[in-house]
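Letter by letter, the chains look like this.
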Amino acid sequence: MNIQADITDHFFMEEALALAHKAYEEGEIPVGALVVAKDRIIGRGYNQTERLNDVTAHAEMIAITAAADHLGSKYLTDCTLYVTLEPCVMCAGALYWTQVKRVVVGAMDEKRGFSRVGQPLLHPKTKLVTGIMATESQELLLKFFRQLRT
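All figures in this text were calculated on a predicted structure; none of them were measured in a lab.

Side note on the UniProt feature "binding site: Zn(2+)" (unreviewed entry) in the protein
Cross-referencing UniProt, the feature "binding site: Zn(2+)" (unreviewed entry) maps to H58, C88 and C91 in the present numbering. Over a stretch of 34 residues, the named residues converge on one spot in the fold, their C-alpha atoms separated by at most 9.2 Å. Its place among the elements puts C88 in the loop between β3 (79–85) and α4 (89–98). Of the residues examined, C88 reaches a relative accessible area of 17% and is grouped as buried. Inspection of the secondary structure assignment puts C91 in helix α4. Each residue touching C91, except ones within four places of it in the same chain, is listed here: H58, E60 and M61.

Focus on the packing of helix α3 (residues 59–71) against α4
Contact geometry of α3 with α4 gives a least axis separation of 9 Å together with a crossing angle of 20°. Classified by the angle their axes make, α3 and α4 are roughly parallel. Between α3 and α4 the crossing geometry is left-handed. Contacts between α3 and α4 involve E60, M61 and I64 on the former and, on the latter, M90, C91, A94, L95 and T98. Tallied by class, residues from the contact of α3 with α4 come to six nonpolar, one polar and one charged.

Topic: the pairing of strand β2 (residues 40–46)
For strand β1 (residues 32–37) and β2, the ladder comprises six bridges, and the chain directions are antiparallel. Its bridge partner being in β2, L34 is matched across the sheet by R44. The turn joining β1 and β2, which pair antiparallel and follow one another in sequence, is formed by two residues; a positive phi near 50° is taken by K38.

Quick word on the pairing of β1
Along any regular strand, the residues point their side chains to alternate faces of the sheet. Among the six residues in β1, six count as buried, and that is most of the element. Across five bridges, the pairing between β1 and β3 is antiparallel. Note on β3: the bridge partner recorded for A33 is V83.

Remarks on the sheet that holds β1
Strands sit in the order β2-β1-β3-β4-β5 across an open sheet of five strands; the sheet is mixed. Each edge of the open sheet is held by one strand with a lone partner, namely β2 and β5 (127–129). Across this sheet, the average inter-strand angle for adjacent strands is 15°, counted without regard to direction. Sheet analysis places strand β4 (residues 102–107) next to β5, joined by three bridges and oriented parallel. Note on β5: the bridge partner recorded for V103 is L128. Helix-sheet contacts for α3 involve β1, β2 and β3, and the interaxial angle to β2 is about 145°.

Calculation criteria
- Residues numbered from 1 in each chain as written.
- Predicted model: local features only at pLDDT ≥ 70, side-chain atom pairs only at ≥ 80, totals over all residues.
- Heavy atoms only, no water.
- UniProt positions renumbered as here; feature names shortened; annotations may be inferred.
- Helix = DSSP H or I, 4+ residues; strand = E, 2+ residues; numbered from the N terminus.
- Buried < 20%, exposed > 50% of the residue type's maximum accessible area, 1.4 Å probe, protein only.
- Contact = heavy atoms within 4.5 Å.
- Axes fitted to C-alpha atoms, helices over the stretch in contact; angles between N-to-C directions.
- Parallel < 35°, antiparallel > 145°, perpendicular 65-115°, else oblique.
- Left-handed = near helix turned anticlockwise from the far one by under 90°.
- Nonpolar A, V, L, I, M, F, W, Y, C, P; charged D, E, K, R; others polar.
- Pairing = 2+ DSSP bridges.

Have a look at this one:
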């Protein structure tokens, strides 16, 4: 279910985009994510699969782990995840198990995003917001992949 965004969503998506830029600077696929509870960032992550030599080191997974550690709980029922690119199936599965309240997505991932599977992968209570700063997120990804090909 896709719901409306608010000005707070734009603020936190800018923070997630800053993390994506950090990934870009480190030669990682530029995706940034953060977990917010009560208008406070409690988990941050950006892609680190190359740096850590770990295919599971996606921005979302790192942010989820940091948030769960901060809360002392595996459940993120009162939290929002902000991510610059639509989560993959692995990350959507992790989000399902955390029972995160909201997921706010920048750009959609037409090749590997969870919504391409054709069945809901997020928890039934999770609200989905898409398209927040989608252009900025997509442009950074395109710039990264253009540089790889040259």
